[in-house]
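# Per-entry structural report
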Amino acid sequence: MAARVSLQHRPAVPGSQVLAYGAARGDLVVPNDDLVGPIDSSDEWIRQRTGIITRTRASKDVGVKDLSLTAAKEAIESSGIDLETLDAIIVSTISFPYPTPSLATLLAGELGRPDVIAYDISAACAGFAYGIGQADALIRTGAARHVLVIGAEKLSDFVSPTDRSISFLLGDGAGAAIVGPSDEPKIGPTVWGSDGDSWDTIRMTGSMIDFRDGTGDWPTLEQDGRTVFRWAVWHTAQKVREMLDASGLSVEDVDVFVPHQANMRIVDELAKQLQLREDVVIGRDIAETGNTSAASIPLATHRLIQEGAVRSGDVLVQFGFGAGLAYAGQVLVLP
């Protein structure tokens, strides 16, 4: 019989917090008028339907890794952490063009921390919030001291100019955050999950295998816009209330609301459904950046901080939803 043993474990910490943000947007500003021809539309139609005036897209020689590295370096520098205490890198992306190695491991090498925990997650527009939830768990359990979370996309690589369902929505960019320990929780419980029965609501038009074999075109993104709108408005409002309740807060405690920047009409309808106070600051980065999927929440938050629209200690609610109708969100106390 094996002798009984007592296993040791790293000590847990009381909580975690976001220490700083970083951002990188595509270098090209693309107005609506540049896109309306192939979809037989107009600048006015796009503005009314989506709230988008311009979107940022990256030049051909600017990749997801480049955007991620820029955002990561800003977040690290702004946080003031010792790079030797960075123990994990989590990247959410659906547009990194290499199945392996992961973008996270490449960034680990570029940042001079090749031996850290490093992995990618595929949760699309919910991906940044998924990453924050995992970073919170890693830190609270003592598995990591600091975690770099990145949401990064170059969606322009997967756009069909003639698609009227989603192509004119999409932009390129990366947002990053450094998460570290805290004497008290400053990241609330994550509410997350998926609606697998509706996995094809936002989808690719085909597979890489079909393209390789010559039986299909280059796969691009498309969506059932009406279904996404209805799901986002009704389910997101319910999940945000669950998040607040799990954090011991109410809607009245919210200072900042940053949902995934899918569509300005969705953002406005969510604020209405939640009955937010009139003075609540709402992220509306989509007007100038477009829908950047996993990057949209950190990009919108970074903009609010840079513009001085929010203050340290403000209570921020973030919530992402998207492809496969994966969803995730948290209540945060801003650094």
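Heads up: these notes are all about the structure in this document.

Cut-offs applied
- Residues numbered from 1 in each chain as written.
- Predicted model: local features only at pLDDT ≥ 70, side-chain atom pairs only at ≥ 80, totals over all residues.
- Heavy atoms only, no water.
- Helix = DSSP H or I, 4+ residues; strand = E, 2+ residues; numbered from the N terminus.
- Rg over C-alpha atoms; globule rule 2.2 N^0.38 Å.
- Buried < 20%, exposed > 50% of the residue type's maximum accessible area, 1.4 Å probe, protein only.
- Contact = heavy atoms within 4.5 Å.
- Lys, Arg positive; Asp, Glu negative; His and termini not counted.
- Charge placed at Lys NZ, Arg CZ, Asp CG, Glu CD.
- 1 Å grid on protein atoms, 1.4 Å probe; cavity = no way out; pocket = protein on both sides within 12 Å on 5 of 7 lines; lining within 4 Å.
- Points joined across faces, edges and corners; volume = space filled by probe spheres on them.
- Nonpolar A, V, L, I, M, F, W, Y, C, P; charged D, E, K, R; others polar.
- Pairing = 2+ DSSP bridges.
- Axes fitted to C-alpha atoms, helices over the stretch in contact; angles between N-to-C directions.
- Salt bridge = Lys/Arg side-chain N within 4 Å of Asp/Glu carboxyl O.

## So, the overall build of the protein
Scanning the protein for helices and strands turns up 9 helices and 14 strands. The C-alpha atoms of the protein give 20 Å as radius of gyration, which agrees with the globular expectation for 335 residues (20 Å, within 12%). Evaluated residue by residue, the protein yields a buried proportion of 55% over its 335 residues. In the protein, the proportion of contacts linking residues at least 24 apart, taken out of those at least 6 apart, comes to 76%. A gap of 2 Å separates the mean positions of the 28 positive and 44 negative side-chain charges of the protein.

## Quick notes on the layout of surface pockets
Here the largest pocket is characterised by a volume of approximately 510 Å³. When contributions to the lining of the largest pocket are tallied by element, the ones reaching two or more residues are α1 (43-50), β10 (221-223), α6 (225-246) and α7 (264-274). When residues of the lining of the largest pocket are assigned to their parent elements, the largest contribution, 4 residues, is made by α6. In terms of residue class, the lining of the largest pocket is built from 17 nonpolar, 9 polar and 4 charged. The space that makes up the second largest pocket amounts to roughly 380 Å³. Lining the second largest pocket are 19 residues; nearest its centre among them are I94, S95, F96, P97 and M208. Among the residues forming the lining of the second largest pocket, the class breakdown is 12 nonpolar, 6 polar and 1 charged.

## Some thoughts on the sheet that holds strand β6 (residues 146-154)
Here we have 5 strands laid out as an open sheet, ordered β1-β7-β6-β4-β5, and mixed in their pairing. Looking at which strands have only one partner, the edges of the open sheet turn out to be β1 (15-25) and β5 (117-121). Each neighbouring strand pair of the sheet contributes to a mean axis angle of 15°, computed without reference to strand direction. Of the strand pairs in this sheet, β6 and strand β7 (residues 172-182) are connected by 8 bridges, and their pairing is antiparallel. Paired with L148 across the bridge in β7 is I178. In the packing of helix α4 (residues 127-140) onto the sheet, the strands contacted are β1, β4 (86-92), β5, β6 and β7, and the crossing angle to β6 comes to about 170°.

## Some details on the pattern of salt bridges
In total, this model carries 19 salt bridges according to the counting rule given. Ionic pairing is found between R203 and E222, a salt bridge with its closest N-O pair at 3.1 Å. Of this pair, R203 sits in strand β9 (residues 202-204) while E222 is found in strand β10, placing the two residues 19 residues apart along the sequence. A single salt-bridge network, built from bridges that share partners, covers R25, D285, E288, R303 and E307.

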